[in-house]
Every structure is written in structure tokens, then in C-alpha cells.
Protein chains: 2
Amino acid sequence: MPARMFHSKTDFKRALADLPAADAPSQDAARARQAELTKPPGSLGRLEDIAVHLAGWGAGSKIAPKISADKIKVVIFAGNHGVVAQGVSPYPADVTAQMVANFSAGGAAINALTAAFDLALDVVPLDLDKPTADMTEKPAMTETETLTALNAGAAAVEDDLDVLCLGEMGIGNTTAAAALAARSFSGSGTDWAGPGTGLDEKGVSRKAVVIDHALATHAAASKNAFETLRRVGGRETAAIAGAVLAARAKRIPVVLDGYVVAASVAPLYADNADITAHCIAGHMSAEPAHQALLQHLGLAAVLDLGMRLGEGSGAALAAQVVRAAAATHNNMATFAEAAVSNRSKEVGDEC
Amino acid sequence: MPARMFHSKTDFKRALADLPAADAPSQDAARARQAELTKPPGSLGRLEDIAVHLAGWGAGSKIAPKISADKIKVVIFAGNHGVVAQGVSPYPADVTAQMVANFSAGGAAINALTAAFDLALDVVPLDLDKPTADMTEKPAMTETETLTALNAGAAAVEDDLDVLCLGEMGIGNTTAAAALAARSFSGSGTDWAGPGTGLDEKGVSRKAVVIDHALATHAAASKNAFETLRRVGGRETAAIAGAVLAARAKRIPVVLDGYVVAASVAPLYADNADITAHCIAGHMSAEPAHQALLQHLGLAAVLDLGMRLGEGSGAALAAQVVRAAAATHNNMATFAEAAVSNRSKEVGDEC
């Protein structure tokens, strides 16, 4: 990857318009292998789908039909948001930097999860001392700031990853996420606002008003992906969009974490719906609008554990399902190898 | 554990009537710790519930409020069923022994999963050359055979496990499972029969008729747990019931696999609904009646991945969620330790 993937808005638009496709022959080979493994056809459910997904998108050296999910990294992007001045979070903005320090010290949930599951972890703080502008008043970022954030995301995607898990941290960023979703897929603040880190009903209503205010401020502007990411997103949401594009260019499958990460992909999807083809939705967040957002993105969540923490925590857990998919696909015996009788044609036909 | 936990039906009934309770002070300590960890309250969702569950049932040496999920074992019980003569499976009965050989050789899905996740695995074949009697004609097992199977299940539960995952293998055992569920919770063959390893619609209808035939054969008999396990169950389903009781006596939390394992607990539940207090439903199987069965048992599945393989595969995957629950509970920093600002009272109050 060059130092900067996106030198201009044009580079970004070109990358989004020109997405590589999955490796269809490798996926066909994976499907053929699944049919020969010692199990009833389809009985591993989602694991079989994920195995075929990995076969299509594997970046590393891959001897079809085997697949690799050894090198998995969680990357967390962190940013601060001018819109917190509107009282959209029960936590003070200082918590973003404090949690980044907690990540460095190894004390956060994502540290516990990556340590338990032997996943690599990178944390990328993005100008935390320089919050974005308040999106209710003007664009959250300049074009240069947006490009810098997109490039930071792209630069975090190593060439040799088998799977990239994307997460985020940023007090106020469920407000930005709701605005990104609304501008990408229509709807109002009420449709896309939720409790985030723990607002009560009154707090959610106020947050919806803030989002509507932001949407009105930018209503006349072009709704292309770049402008949406710039006007109502944050540095970390733009970085996630950049990472998703860079991973696609490198054919690396991506596991999305929760609501904010999915919302970061929404502006890309609005311009090119093929952008989610290499993505897996790690989990269904407890944030209420996440379900509608995944439906818009054409994604089905792997896990549904009522989590709403961010930090890539849901994606890190889903990575274990991805590993299970690869392990069964690669290491199970075939009916022939194990001398196990396959489905009885005679009985099967009459049953 | 003595060589035999159950010397008689009376021992079994006594064990089922006299179930130890969860350690409430340890659970309270775990809840208090969860509230202090660096995350919004409740934001780890099901992981927090599982952490409290483990605190209440941990068997090993446990310094509250920390919990242990290091020593996890998957135990698979295998049995053969006389009812396969009625054409209830698309696979021949020989496959049970062939799959046990596949487990030994390391070629099955559960081998791939336990190797990938560093879980211990025991496979317990139960007189595979001696199928149970055809339950449509008479009780599947004698009282002695039932006790032997219950004791085999209990004997497989080691004293020092942190978590026990239960699985099964047995061609024809979704038919036995449906009959166990129907006798425990009412309903007919149509309510509880499903495709199992892959019957088509006509096959499922015929299976339902076979189940109704079995239910009619035993309709007049007592519906207590022992008689239900004996008359319409199999060796592996009785062993699972014995293992669940033995684990409870040792205060070891249990992760149930899919439909057949849940159905093995159903007769126990019908006699004492407290039996599932130490149990976690690992996943929602694609077998259609599993959902109703878990509702009857008062359990909510951790995973829902469309799996229907058995072998403990869903439980082994769910064990990773259990490990995540323990890892976050034990290893996250508190707000005080990490110097992270907790929820702002001022903003929180007005939001």
C-alpha cells in the first residue's frame, strides 16, 4: 500500500467505483469440498457460508479449496466529536482519550477478548485533541481532514491479513452514525437515534433533535459518499470507510463490529452497493437501529448477544466463528477419507 | 464421584429432587464487579449474564468475584436406536459407529472445533453393537440398561471441570428426542419431528407417525423422568441426563448442544424445573422444534447459526462466548484502576 491510498476525492471515488469481485472458482471449490465433508449437507449452517466467503476473499497464499483464518487483526479507530457540545452522550468527551489509554494499558474489554483469543490488536487514535466541528453548524471536517482520516484507515490495513475486524471508540459517535445512516438511506433522527452508551428516553429524543438539526444543515449538499462522511461523520468513521475500501482492494475479508462501524459503511453502500460483498456483520448490537441498518446493507449478523460496547468487541467474538468455519472446512475428513457411509440413496429416496 | 452415582431408580429420583442452588453471594459479587468495569453498564449483554452464571456455579477453586473458564471439556455420548428399523433416518445405523471411529481419528467437525479452540474432548460410545429396542413396540431399554446409561453419563463428569459441554451422536436419535419432548411437555409427533440429518417433507411426516406410534405404545405408563428416559429415549440421551445431574451435584455449569441434548433434559425438567438452573443453551439448532423445546426449558440460546450437526459442535462454539465472558469479567480494568471517568452524573441526569 502506498503511504496514501487517496490523494484526492477523485482517488476515493475511483476506488469505490472499481471494486474487485470475489474469486468465484475458489468459492466453487470450497462449496464442493463442503459437500464431501463428514456431515449432513448444510448442517454447519452459517459456518459453511463463511467458509465459502473466506475462499472468495482470502488475501494470503491460498491453496484452493483450503482457506486461511490464522492472521486476524482487530483495528480500532478513535475520534472526538464537536457535536458532544449538544449533550448527546452521558459520558464526557475526555473518556475517548482515557479509553485509548486503557487500550494501551490492556484494561479494556477488547484487550481481554484479543488476549483470550490470540488476536492482534491495533489502536489508531485520530487527533483526539482536535474534535471535529459541530455538524449541526457546519461540516464536521474539511476535505483535507476527511482525506487524512480515510488514508489513516487505509494505512492500518496490512497486506497479509487473513481477516480484518473493525472497531471504534468515540464519545458522541452514535450521533454521527445515526446522521450517516439517515443521509445514506433516508429517515430522520427518530429513526436512527438510540441510547448509545446509555441515554434514557428523554436523552434519545434530544439526540434525535440534534441529528435532525444536522441533517437540515447539510440537506442541500450533495449526498455522495465523500460529502456524507465529511459533513456528518467523524475521523474514526471516515477511517473505517477508508479501511473497508483498502481491505477490498487487497481482497481481505472484513468483519464489521456494531452500529457505528456499519454506519461508516453506509455512505459507501449508497454509492456502490457492492461494497459489502467482502464484509461480514459480526454481531447485532443492542442499539435499536442496527437491525434496520444491516438490512439496508444486505448483511445478516453472525452473533446476537445484546452487546453494545463498540471497541470491536462484537467483531472479535465473531472472529471465533470465522475461525470455526475455517477449521471445520480445512480439517474435517471427507466421507471417503473416513470410510463413513454417505446418505443412503435408497432410504433417502423413499424418505 | 463413586463408581456408580445411581444404584437404583430411587437414587436417581433422589438426586433429581435434591438439587444444589447457585452460590448467591458469589453471583452478587460478580454483579458488583461488572458494574465497576470500564464499559457502560450492561454493554456486554449476554456476556455479563454468563459471567454471573459462572460465578454461581463454578466448581473449581474460585476467589470471588473472579471466575474460571479454563478447563472446558466436550463429552459426546453415542448410541444406537432400534427405531431406525422404521426408516426414520436417511443414513444407515452403521454411521453411528463409523462416526465414533471418525471422532477417534480426529476427522469430525467436533475434532476440528476442539483442536482450534483448545477444548478437551471425550467420546463415550454406549453399546453401539446393541441398539435399544424399537420404542414403537416396547420400552427402548430395561431398567438395568437405563441405570447403566445414566451412570455412564455421570461417570464422564470429571470433578475439576470449569465448564462441561454435552453432545451426542446416534443415527435415529432425533426421533427419540421428539418422543422425549412430547412425553415431557405434551404434543404429538407433528409438533416435535423435524428433518434431523436431512429428511424431506414426506420423511418428516412418516417420522411423526412413528413418534405417535411410540407415544401410544407407552401412553399408559408413568411419565416420571426415569420411565420416560427408559421407554422412548436411548442410551446416549439417558447418559446426557445422568451427566447433567452429576454436573449439578458437583456445581459444574453445563453447556447444552442442540435438539437431542435439550430433549434429554426435558424429562428431568418435567419432574423438577430447577434442573436447568446450571445449564446454558449453547445454540439454536436448525431443527425446527428446538425453539419450542428451549422455551419449555426456560433457556435462551447463546448462538443461532443455523447449525444442526450435533456432536457437541454448537456447544463447543458457545464455549468461546463463555470464555469471552470469563476473560472480560476477570481481566478488564475498573474505572478506578484505569482512571477513566465514569458516567457523568450531571449530563446523565439531564439526558
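Just so it is clear, the structure is predicted and the values come from calculations on it, not from any experiment. (Residues numbered from 1 in each chain as written. Chains lettered and ligands numbered in written order. Predicted model: local features only at pLDDT ≥ 70, side-chain atom pairs only at ≥ 80, totals over all residues. Heavy atoms only, no water.)

Quick notes on the overall build of chain A
Right, on to step 1. Looking only at helices and strands, chain A features 16 helices and 5 strands.
Right, on to step 2. Relative to the globule expectation of 20 Å for 351 residues, the C-alpha radius of gyration of chain A, 21 Å, shows essentially globular dimensions.
Right, on to step 3. Considering only C-alpha atoms, chain A reaches an extent of 70 × 45 × 40 Å along its principal axes.
Right, on to step 4. A separation threshold of at least 6 residues defines the contact pool for chain A, and within that pool the share at least 24 residues apart is 82%. (Helix = DSSP H or I, 4+ residues; strand = E, 2+ residues; numbered from the N terminus. Rg over C-alpha atoms; globule rule 2.2 N^0.38 Å. Contact = heavy atoms within 4.5 Å.)

Side note on the environment of T136 of chain B
Residue and element names in this part refer to chain B.
Right, on to step 1. If you trace the backbone, T136 turns up in the loop between β2 (120-125) and α6 (143-155).
Right, on to step 2. Distance in space between the C-alpha atoms of T136 and Q86 is 8.9 Å, their sequence separation being 50 residues.
Right, on to step 3. Excluding its chain neighbours within four sequence positions, the residues that come into contact with T136 are V83, Q86, V210, H213, A214 and T217.

Focus on helix α11 (residues 235-249) of chain B
Residue and element names in this part refer to chain B.
Right, on to step 1. Given a rise of 1.5 Å per residue, 15 residues ought to cover 21 Å, and the 21 Å separating the end C-alpha atoms of α11 matches this to within 8%.
Right, on to step 2. Across the 15 residues that make up α11, a large majority, 14, are buried.
Right, on to step 3. Remark: R251 follows α11 within two positions and exhibits a positive phi of approximately 65°. (Expected span 1.5 Å × (residues − 1). Buried < 20%, exposed > 50% of the residue type's maximum accessible area, 1.4 Å probe, protein only.)

Concerning the pattern of salt bridges
Right, on to step 1. Going through the model one piece at a time under the given rule, you end up with 28 salt bridges over all chains.
Right, on to step 2. Close ionic contact of K250 of chain A with D159 of chain A constitutes a salt bridge, the shortest N to O distance being 2.7 Å. In this pair, K250 of chain A sits in the loop between α11 (235-249) and β4 (254-256) while D159 of chain A sits in the loop between α6 (143-155) and β3 (163-169), placing the two residues 91 residues apart along the sequence.
Right, on to step 3. Among the residues examined, K250 of chain A registers a relative accessible area of 14% and is labelled buried.
Right, on to step 4. R14 of chain B is paired through a salt bridge with D11 of chain B; the nearest N and O atoms lie 3.9 Å apart. (Salt bridge = Lys/Arg side-chain N within 4 Å of Asp/Glu carboxyl O.)

Section: the packing of aromatic side chains
Right, on to step 1. This model, assessed by the stated rule, comprises 6 aromatic pairs over all chains.
Right, on to step 2. Ring centres 5.8 Å apart and planes at 70° place the aromatic pair F6 of chain B and F12 of chain B in the edge-to-face group. Considered together, F6 of chain B and F12 of chain B belong to a single accessibility category, that of buried residues.
Right, on to step 3. Arranged with centres 5.8 Å apart and planes meeting at 65°, the rings of F12 of chain B and F226 of chain B form a pair that is edge-to-face. Placement of F12 of chain B in helix α1 (residues 9-17) and of F226 of chain B in helix α10 (residues 225-232) is noted, with a sequence separation of 214 residues between them. The same class applies to F12 of chain B as to F226 of chain B, namely buried.
Right, on to step 4. An aromatic cluster is defined as three or more aromatic residues linked by ring pairs; in this entry it consists of F6, F12 and F226 of chain A. (Phe/Tyr/Trp six-rings, centres within 6.5 Å; stacked < 30°, edge-to-face > 60°.)

Describing the interface of chain A and chain B
Right, on to step 1. Between chain A and chain B, the contact holds 65 residues from the first and 65 residues from the second.
Right, on to step 2. Our enumeration of links across chain A and chain B arrives at 0 salt bridges.
Right, on to step 3. Applying the counting criterion to the chain A and chain B interface returns 12 residue pairs in polar contact (both at pLDDT 80 or more).
Right, on to step 4. At the level of elements, α3 (46-57), α4 (94-105), α5 (109-117), α9 (201-217), α14 (313-331), α15 (335-338) and α16 (345-350) of chain A are the ones that each hand at least two residues to the side of chain A that touches chain B. (Polar contact = N/O pair within 3.5 Å; in protein donor to acceptor, adjacent residues only side chain to side chain.)

Some words on the side chain of N80 of chain B
Residue and element names in this part refer to chain B.
Right, on to step 1. Assignment of secondary structure puts N80 in the loop between β1 (72-78) and α4 (94-105).
Right, on to step 2. On the accessibility criterion, N80 (6% relative accessible area) is buried.
Right, on to step 3. For N80, the side chain forms a polar contact with the side chain of T96, separated by 2.8 Å.
Right, on to step 4. With sequence-adjacent residues up to four places away left out, N80 is seen in contact with A93, T96, L128, P131 and T132.

Quick look at the sheet that holds strand β5 (residues 279-281) of chain A
All names here are of chain A.
Right, on to step 1. Read across the open sheet, the 5 strands follow the order β2-β1-β3-β4-β5; overall the sheet is parallel. Since the sheet does not close on itself, it has two edges, and those belong to β2 (120-125) and β5, each with one partner. On average, each strand axis in the sheet is inclined to that of its neighbour by 25°, with strand direction left out of account.
Right, on to step 2. Pairing geometry for β4 and β5, over 3 bridges, is parallel. For V254, the partnering residue across the bridge sits in β5 and is C279. (Pairing = 2+ DSSP bridges. Axes fitted to C-alpha atoms, helices over the stretch in contact; angles between N-to-C directions.)

Structural notes on the relation of the copies chain A and chain B
Right, on to step 1. When chain A is fitted to chain B, the residual RMSD is 0.0 Å, and the transformation amounts to a turn of 180° plus an axial shift of 0.0 Å. A rotation of that kind, with that shift, is consistent with a two-fold axis. Among all C-alpha atoms of chain A, that of L303 of chain A lies closest to the rotation axis, at 3.2 Å.
Right, on to step 2. Comparing interface residues between copies, 100% of those in chain A also lie at the interface in chain B; the contact surface is shared. (Least-squares fit on C-alpha atoms with pLDDT ≥ 70 in both.)

Quick notes on the sheet that holds strand β5 (residues 279-281) of chain B
Two strands in a sheet stick together by hydrogen bonds in their backbones, pointing the same way (parallel) or opposite ways (antiparallel).
All names here are of chain B.
Right, on to step 1. The parallel open sheet is built from 5 strands, whose spatial order is β2-β1-β3-β4-β5. Of all the strands in the sheet, the pair left with one neighbour each is β2 and β5. Each strand of the sheet is rotated relative to its neighbour by a mean of 25°, with strand direction disregarded.
Right, on to step 2. Bridging between β1 and β2 involves 6 bridges; their strand directions are parallel. When the bridges of β2 are listed, F77 appears paired with V124.

Focus: the side chain of N224 of chain B
Residue and element names in this part refer to chain B.
Right, on to step 1. Mapped onto the elements of the fold, N224 is located in the loop between α9 (201-217) and α10.
Right, on to step 2. Overall, N224 belongs to the buried group, its relative accessible area being 19%.
Right, on to step 3. From its side chain, N224 meets the backbone nitrogen of E227 in a polar contact 2.9 Å long.
Right, on to step 4. Contact partners of N224, with chain neighbours within four places excluded, come to K13 and D271.

Here's the deal with the domain arrangement of chain A
Quoted interface sizes are often the accessible area lost when the parts come together.
Residues and elements named next belong to chain A.
Right, on to step 1. Taken domain by domain, chain A consists of domain 1 (9-68 + 328-338) and domain 2 (72-324).
Right, on to step 2. Domain 1 and domain 2 are separated by 27 Å when their C-alpha centres are compared.
Right, on to step 3. Opposite the 23 residues of domain 1 that make contact, domain 2 presents 33 residues.
Right, on to step 4. The junction of domain 1 with domain 2 conceals about 2300 Å² of combined surface from both sides, 65% of it contributed by carbon and sulfur atoms.
Right, on to step 5. The tally of links from domain 1 across to domain 2 stands at 1 salt bridge. (Domains from an automatic or database assignment. Buried area = accessible area lost by both parts, 1.4 Å probe.)

Considering the confidence of the model for chain A
All names here are of chain A.
Right, on to step 1. Looking at chain A as a whole, its pLDDT mean stands at 94, while 95% of the residues score no less than 70.
Right, on to step 2. Ignoring residues within four places in sequence, the model shows residues 345-351, a span with pLDDT below 50, making 13 contacts including any to other chains.
Right, on to step 3. Scoring of the predicted complex yields 0.96 for pTM and 0.95 for ipTM. (pLDDT = per-residue confidence, 0-100.)

A look at the pairing of strand β1 (residues 72-78) of chain A
Right, on to step 1. In terms of burial, β1 of chain A is a largely internal element, 7 of the 7 residues being buried.
Right, on to step 2. Of the two faces of β1 of chain A, both are covered, the one formed by I72, V74, I76 and A78 of chain A as well as the one formed by K73, V75 and F77 of chain A.

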